[in-house]
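Observations on the three-dimensional arrangement
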Amino acid sequence: MPTYVKSVTFDCQDALVVAEFWAAALGGEVDEESTSAKAYVEPPGWGGPTLWFQRVPEPRTVKNRMHFDLRAPGTVEDEVARLTALGATVAAKHGELTVMQDPEGNEFCVER
């Protein structure tokens, strides 16, 4: 029997801030017992792994070795605008792909 991904864990400075961003971005729910030290987001409809966020003492210093690629439900421009309103920033644009950063600088991409 193969294994499956139960959760994806993010190291961060404020777990609740990053969890709230990703819950809003992906349509999930932040667990009610979440704090700035540890937080998790349940995926909508049980459709994927849980996202865990844990406070660590050191800041992010280099590029992510793994990142999410998000498929825009409409235009890339509309999704980038929505994610920017939630607290993300644009890092780079490469044709139809936009590289963004969450509120703590974790990179992710938005594409068609």
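First, a word on what this report is: a plain description of the structure on this page. (Residues numbered from 1 in each chain as written. Predicted model: local features only at pLDDT ≥ 70, side-chain atom pairs only at ≥ 80, totals over all residues. Heavy atoms only, no water.)

The complete set of buried residues in helix H2 (residues 76-86) reads Val76, Glu79, Val80 and Leu83. Looking down the long axis of H2, one finds its buried residues gathered within 100° of arc, a one-sided arrangement. Exposed positions of H2 whose direction lies more than 90 degrees from the buried face are Glu77, Asp78 and Ala85. Along its buried surface, H2 packs onto helix H1 (15-26), strand S5 (68-71), strand S6 (89-94), strand S7 (97-101) and strand S8 (107-111). Of the residues flanking the end of H2, it is Gly87, one or two places downstream, whose phi is positive at about 125°. (Buried < 20%, exposed > 50% of the residue type's maximum accessible area, 1.4 Å probe, protein only. Helix = DSSP H or I, 4+ residues; strand = E, 2+ residues; numbered from the N terminus. Arc of directions from axis to C-beta. Contact = heavy atoms within 4.5 Å.)

Remark: H1 packs on H2, axes separated minimally by 10 Å, with the N-to-C direction vectors making an angle of 150°. One finds that H1 runs roughly antiparallel with respect to H2. The hand of the H1/H2 crossing is right-handed. Listed contacts from H2 to Phe21, Ala24 and Ala25 of H1 are Arg82, Leu83 and Leu86. Here the residues of the contact of H1 with H2 are counted per class, giving 5 nonpolar, no polar and 1 charged. (Axes fitted to C-alpha atoms, helices over the stretch in contact; angles between N-to-C directions. Parallel < 35°, antiparallel > 145°, perpendicular 65-115°, else oblique. Left-handed = near helix turned anticlockwise from the far one by under 90°. Nonpolar A, V, L, I, M, F, W, Y, C, P; charged D, E, K, R; others polar.)

Going through the model one piece at a time under the given rule, you end up with 3 salt bridges. For Arg82, the salt bridge identified is with Glu79, shortest N-O distance 2.7 Å. You can see Arg82 and its partner Glu79 sitting in helix H2, 3 residues apart, about one turn around the helix. (Salt bridge = Lys/Arg side-chain N within 4 Å of Asp/Glu carboxyl O.)

The strand order S5-S8-S7-S6 describes an open sheet built from 4 strands, whose pairing is mixed. Here the strands that pair on one side only, and so sit at the sheet edges, are S5 and S6. Within the sheet, the average angular offset between the axes of one strand and its neighbour, ignoring direction, is 25°. Looking at chain direction, S6 and S7 are connected through 5 bridges and run antiparallel. Residue Lys93 lies in a different strand from S7, and its bridge partner there is Thr98. (Pairing = 2+ DSSP bridges.)

Of all hydrophobic cores here, the largest spans 23 residues; its most connected members are Trp22, Phe53, Leu83, Phe108 and Val110. Contributing elements (two or more residues each) for this core: strand S1 (7-12), H1, strand S3 (38-42), strand S4 (50-55), H2 and S8. When residues in this core are grouped by element, the largest group, 7 residues, is from H1. The contact partners of Leu83, leaving out residues within four places of it in the chain, are Phe21, Ala25, Leu70, Ala88, Met100, Phe108 and Val110. (Core = buried A, V, L, I, M, F, W, Y, C linked by side-chain atoms within 4.5 Å.)

Here the focus is the side chain of Asn106. Mapped onto the secondary structure, Asn106 falls in the loop between S7 and S8. Judged by relative accessible area, Asn106 falls into the buried class, the value being 9%. Discounting chain neighbours no more than four positions away, the residues touching Asn106 are Phe10, Val18, Arg60, Asn64, Met100 and Gln101.

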